[in-house]
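Residue-level structure breakdown
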Amino acid sequence: MRAILEKALPTKEGPTEAIGLSVLETRREPGFSMEATDDWSQFHFASSGVMRMECDGRSHLVGSDSICHIPAGHAFREEILSTWPALTYVIRYRPDLLPNGVGNQLAGLGFALLDVGVLNVAQTRAIRSLFQEMLFEQNNRQGGWETVLQSRLMDLAVRMLRLVRRRGRHEALVFEPGDNKIDRVARYAQSLTTQFFRQSTITDAARSVGLSRRKFTEVFRQVTGQTWSQCLQSLRLKHAAELLTETDQSVMSISFASGFEDLSHFYHTFKSVHGLSPSAYREQRRLSRVELRETANPEDGRVAPGFKYRGMKGWFWSADQFLEEIPLLSDLKMNFLMDCDSLNIHSQEASGADWWNPMSKAKKQGYGKIIKACRDNKITFCFAFHPYLGVSRGMDARNDRDIEIFHEHYNWAQNQGVQWFCFCLDGTSWGPDGPAKSGLAHARLINAIFTRLRKEDKNSQLLFCPVACWGDGANPDHRVYLEGLAREMHSDVYVFWNGDAEVTPRVTGVAAESYKTTVKHRLFLWDNYPVNNGSPTLHLGPLTGRDPDLCELVDGYLSNPMSPQNQINRLPLSTCAEYAFNPRTYNPARAVGRAVSRMAQTEGQRQVLKMMMEAYPGFLVSGGGTSTNPVREKMKATLAGRNQESVAKDLILRMEQIHAGLLREFPSQFPSTKKTVKADITWLKGQAAAP
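Please read all numbers here as calculations on a predicted model, not as lab measurements.

We now examine the environment of Lys 333. Counting through the fold element by element, Lys 333 comes out in the loop between helix 11 (319-331) and strand 12 (336-338). With 247 residues separating them in the primary sequence, Lys 333 and Ala 580 have C-alpha atoms 9.3 Å apart.

Further remarks concern the pattern of salt bridges. Once the charged atoms of two side chains with opposite charge are near each other, the side chains can pair. Under the defined criterion, the tally for this structure stands at 28 salt bridges. Asp 96 serves as the salt-bridge partner of Arg 94, at 3.2 Å between the closest nitrogen and oxygen. Of the charged contacts in the structure, one is a salt bridge between Lys 372 and Asp 376, with a shortest N-O distance of 2.8 Å. Of this pair, Lys 372 and Asp 376 are both found in helix 12 (residues 361-376), four residues apart, which corresponds to roughly one turn of the helix. We classify Lys 372 as partly exposed; its relative accessible area is 49%. Within the structure, one salt-bridge network assembled from shared partners comprises Glu 35, Arg 52, Arg 77 and Glu 79.

All right, on to helix 11 then. Here helix 11 has its buried residues at Ala 319, Gln 321, Phe 322, Glu 325, Ile 326, Leu 328 and Leu 329. Lys 333 sits one or two residues past helix 11 and shows a positive phi near 65 degrees.

In terms of residue burial, strand 14 (residues 420-424) counts as a mostly covered element, since five of its five residues are buried. Bridge count for strand 13 (residues 380-385) against strand 14 is four bridges, and the pairing is parallel. By the bridge assignment for strand 14, Cys 382 is matched with Trp 420. The handedness of the strand 13 to strand 14 crossover, carried by helix 13 (residues 400-415), is right-handed. One ladder, built from five bridges, connects strand 14 with strand 15 (residues 461-465); its direction is parallel. Residue Phe 421 lies in a different strand from strand 15, and its bridge partner there is Leu 462. Where the polypeptide runs from strand 14 across helix 14 (residues 434-456) and back to strand 15, its parallel neighbour, the crossover connection is right-handed.

To continue, consider the nonpolar core. By size, the foremost hydrophobic cluster in this structure holds 78 residues, and its most contacted members are Leu 337, Phe 383 and Phe 423. Among residues more than four places away in sequence, those in contact with Leu 337 are Met 312, Phe 322, Ile 326, Leu 329, Ile 370, Cys 374, Ile 379, Thr 380, Phe 381 and Cys 382. Grouped together as the second largest cluster of nonpolar side chains are 43 residues, Met 134, Trp 145, Leu 161 and Phe 260 included.

This part is about unusual backbone geometry. In this chain, Tyr 529 is followed by Pro 530 through a cis amide linkage whose omega measures 5 degrees. Following the sequence through the fold, Pro 530 ends up in strand 17 (residues 523-530). Look at the link from Ser 563 to Pro 564: it is a cis peptide, with omega at 5 degrees. With respect to the element layout, Pro 564 can be found in the loop between strand 18 (556-560) and helix 17 (570-581). A positive phi angle, close to 60 degrees, is found at Lys 520, a residue other than glycine. Inspection of the secondary structure assignment puts Lys 520 in the loop between helix 16 (509-519) and strand 17.

Where helix 1 (residues 100-108) contacts helix 3 (residues 145-165), the two axes come as close as 10 Å, and the packing angle between them is 50 degrees. If you check the angle between helix 1 and helix 3, you find them oblique. Where helix 1 crosses over helix 3, the handedness of that crossing is left-handed. Contacts between helix 1 and helix 3 pair Val 102, Gln 105 and Leu 106 from the former with Met 154, Ala 157, Val 158, Met 160, Leu 161 and Arg 165 from the latter. A per-class count over the contact of helix 1 with helix 3 returns seven nonpolar, one polar and one charged.

Our focus in this paragraph is the sheet that holds strand 17. Read around the barrel, eight strands follow the order 11-12-13-14-15-16-17-18 and close on themselves; strand pairing throughout is parallel. The average undirected angle you get between the axes of adjacent strands in this sheet is 25 degrees. Here three bridges tie strand 12 to strand 13, and the two strands are oriented parallel to one another. When the bridges of strand 13 are listed, Met 338 appears paired with Cys 382. Contacts from helix 12 reach strand 12 and strand 13, with the element oriented near 150 degrees to strand 13. Packing against the sheet, helix 16 makes contact with strand 16 (494-497) and strand 17, and its axis sits at approximately 140 degrees to strand 16.

Turning our attention to the pairing of strand 3 (residues 33-37). Here strand 3 shows a buried face lined by Met 34 and Ala 36 and an unburied face lined by Ser 33, Glu 35 and Thr 37. Two elements, strand 3 and strand 8 (residues 75-80), share five bridges in a ladder whose sense is antiparallel. Considered in strand 8, the bridge of Thr 37 is made with Ala 75.

Glancing now at the packing of helix 17 against helix 18 (residues 588-599). To characterise two packed helices, one gives the angle between the axes of the helices and the distance between these axes. Axis separation between helix 17 and helix 18 bottoms out at 8 Å; the angle between their running directions is 130 degrees. It follows that helix 17 is oblique to helix 18 by the angle criterion. Two packed elements cross with a definite hand, and for helix 17 against helix 18 that hand is right-handed. For the pair helix 17 and helix 18, the contacting residues are Arg 570, Leu 571, Ser 574, Thr 575 and Glu 578 in the first and Ala 591, Val 592, Arg 594, Ala 595, Val 596, Arg 598 and Met 599 in the second.

Cut-offs used in this document
Chains are numbered independently. Their residues run from 1 in the order of the written sequence. Totals for whole chains, interfaces and linings use every residue, but because this is a predicted model, local features are given only for residues with pLDDT of at least 70 and side-chain atom pairs only at 80 or more, for both listing and counting. Computation of side-chain values: all heavy atoms of the structure, hydrogens and water removed. Only runs of H or I of at least four residues qualify as helices and only runs of E of at least two qualify as strands under DSSP, and these elements are numbered from the N terminus. For salt bridges, the criterion is a side-chain nitrogen of Lys or Arg within 4 Å of an Asp or Glu carboxyl oxygen. Three exposure classes are used, based on accessible area relative to the maximum for each residue type with a 1.4 Å probe and protein chains only: buried under 20%, partly exposed in between, and exposed over 50%. The pairing criterion for strands is at least two bridges between them, as found by DSSP. The handedness of a crossover follows from its direction of travel: if, with the strands pointing away from the viewer, the path from the first strand over the helix to the second runs clockwise, the crossover is right-handed. Put simply, buried Ala, Val, Leu, Ile, Met, Phe, Trp, Tyr and Cys residues joined by side-chain atoms within 4.5 Å make one nonpolar core. Here, residues are in contact when the closest pair of their heavy atoms is within 4.5 Å. Under this scheme, a helix contributes an axis fitted over its contacting stretch, all axes are lines through C-alpha atoms, and angles between N-to-C directions fall in the 0 to 180 degree range. An angle below 35 degrees is read as roughly parallel, one above 145 as roughly antiparallel, one from 65 to 115 as roughly perpendicular, and any other as oblique. Each crossing gets its hand from how the near helix is turned against the far one by less than a right angle, where anticlockwise is left-handed and clockwise is right-handed. Under the scheme applied, nonpolar residues are Ala, Val, Leu, Ile, Met, Phe, Trp, Tyr, Cys and Pro; charged residues are Asp, Glu, Lys and Arg; polar residues are all the others, including Gly.

As structure tokens, then:
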């Protein structure tokens, strides 16, 4: 039974079975079922989901906010019926913990079920509060916690008996004595620090100290400096923040343990105060605790890397910026570099090239230096081109002359010793012919280009980025397009894939396998992280959310970098490199700690980079997309709340400290990054000063 009920919630010391009582959390996925018999009695409180419970020859439908009791020795069967996970809190206890009278009566009921949601508000809150208080006591282990757990068990047992037999009974509120109203309210306020999770109203609170609601409100503010609701929310959010930082409990269970009545309310309240969702807050705090010191690399001792090809797709960088990064790629055990697909080096303009014109002398010189540097550092260089974006005339795929003119760029690169090439169609559409015919037409175009490449060099390789370069291939339009590629395109051509979505917090093996099965070609993962698409923001946190088994389905991994901040881009790039080399042992927090240590020479530099990373944790951590600026989003959330002027000032001060640290510790580095931070400070001040 112990294994079936999964595990007890994390506690500061050992398990609680020694006292004959344990509080557990179970999370069941849709379709889960089990049969069990336990020699301890159990209370089950269903927080979410719908399940069928069979016991004593009867079948019961158990929904959210239902509580049931299963006597010791009774066999039962549980089956999840809902299409979403079921979260249940279970109290297991030795029957001898209850007095004979109570225990025998409860056991005599057999399987007892109570829908808490149909009770009056006070009774519903009381039962939820008992579970929440027991969780709190078990987790925190304050003096006398064992006694508190047993006392609350008794309370729960008696309530269950009364409510099952006499529904609707009203429990009188307990008056808290004291010398005067200020003393009583002060003691009540102190009690909230360990009872904030109880489901009570301000009217309940006022009655408990013998005051009217109006008088209680007045005295509570006098004693605490806050309203009752502000104080209660602050205590709940503080406890939730501690659990998010220190434990691995689910967000749903933390919401429950902190006293929130539903997950949606918890989510919106937490985000309005902290500027981040609970999950993003957890990830950011974990980044804050990163230890900035060198440790053994996870790839040490491993002979075969995860992805065969590991590297980076360039962005709108100059040739000098590319040359700065090539030695770093080698240090990071990367072996692949693809240029941006618009022949834009030297000009650094985010626009396509006139593919029908020969490259300028300056661009040829720039590419020549990049190709040589890659060769010297044992990096495979891939020459990429997109003949449709940012140009006044797209290439006519049905015109042999257009194809021949286009191929002259590839032919020039072949003469420089380049063997890898990429043809891109991302960002375009099917055109008037629709996805099915376009898939066949694009396959024939790629075959024509590939045939020319192989004619000059039989070892040439071609990467193709199709129109449908993300997803699992199940979308009807994507499917018929990819099936056309699968039937017609040369089997040696690799296909670029962005993941489950074009920009996504998760890239899964399930989606990769489905997409690959449809397109029937080898894949390169073109991972859109930490790309900012030239927007005024930074994404510096570690790569997260990529399945460890992707390397079994995908041959290559390419990170898509930020522009124009190539130097600070090395922070997230280092984590991408660690993932690509050994996805199975990749640890984001460990990887970003090593990235900071690799880039910093002094303790002062380490602290500045750490502050930068905490301010700009990246959209995989803080949410949003490639253009999301977490600093500005935090200011927006701050100013939308009440009495947040001091928080806004602290944020501005923090950013000014970061900018000053960059100037002091890195006087000749990160010019583009300094501009981004300075622009954010100016924007923050403007928002704070706005009426």
